[in-house]
Amino acid sequence: MNSVLAQHIEESTETRLEQVRRSLHSTSYMLAQAADTLLASIMQGQRVALCARNETLFLAQVASTLLQRGMVQPRPCLPAMLLAPLPDERTHYPQHFGSLLSPGDVLWVFALGEHDEIGDIINNAHDLGIKLIILGAPLPNALSTQLGEDDVLIQLSAPSPASLLEGALSAVHAVCDALDHRLLGLI
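This write-up is about the structure you can find in this document. These numbers were taken from a predicted model, which means no experiment stands behind them. (Residues numbered from 1 in each chain as written. Predicted model: local features only at pLDDT ≥ 70, side-chain atom pairs only at ≥ 80, totals over all residues. Heavy atoms only, no water.)

Structurally, the position occupied by Thr37 is in helix H2 (residues 28-43). The residues touching Thr37, leaving out its near neighbours within four places in the chain, are Val106, Lys131, Ile133 and Val152. (Helix = DSSP H or I, 4+ residues; strand = E, 2+ residues; numbered from the N terminus. Contact = heavy atoms within 4.5 Å.)

Turning next to the side chain of Ser41. When you line up the elements, Ser41 lands in helix H2. Other than its neighbours up to four places away in sequence, Ser41 contacts Gln46, Gly104, Val106 and Lys131.

Throughout the structure, instances matching the rule amount to zero disulfides. Cysteine Cys51 is unpaired, with the sulfur of Cys176 as its nearest cysteine sulfur at 16 Å. Free cysteine Cys176: the closest other cysteine sulfur is in Cys77, separated by 12 Å. (Disulfide = S-S within 2.5 Å.)

The next subject is the sheet that holds strand E4 (residues 131-136). The strands making up a sheet associate through backbone hydrogen bonding, with each pair oriented either parallel or antiparallel. Strands sit in the order E2-E1-E3-E4-E5 across an open sheet of five strands; the sheet is parallel. Taken across any chain shown, the strands that pair with only one partner, and hence form the sheet edges, are strand E2 (80-83) and strand E5 (152-155). For this sheet, the mean inter-axis angle between neighbouring strands, taken without regard to orientation, is 15°. As judged from the four bridges shared by strand E1 (residues 48-51) and E2, these two strands associate in the parallel manner. Looking at the pairing, Val48 lines up with Ala80 of E2. Lying on the sheet, helix H5 (residues 118-128) is in contact with strand E3 (106-111) and E4; it crosses E4 at an angle near 160°. (Pairing = 2+ DSSP bridges. Axes fitted to C-alpha atoms, helices over the stretch in contact; angles between N-to-C directions.)

This is the structure we're talking about:
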């Protein structure tokens, strides 16, 4: 029994890893653009706000930790703040952005599930002069067309929720790794 289960785990792991590889490969340009957007804003003295719902909070926490501590090697903390929902909230906080962010800041949104507030977030960010990075499942065309030329949309496609989460975590690692390499002058 254990050998059958071990074989199943090995095969499903290989399948998920291949799905993550394909997803990252197809979004590599947008991942690089996200790293460049973060670098440009940080170098101009701007901040990064990481915005998540309860179901994507762990992704924002990982990104916040890597932005603050570094991924490649320890380095000075970058100006990043985590906007975490209270346990009973589902919101992405679009009503609070004006008091927390300034023009030129970056709002990194983690949107793997529902997209019901993304339109409000996009409009608020544009009204406030905030740059957007949206990491998530593919957006409906009506929302994608709301994005501006300075916004970065990283759309991950995956056949299962587990693969989507694994791809999103790998995308966070890829962006933070690329940012650190740029900050440290390695690329």
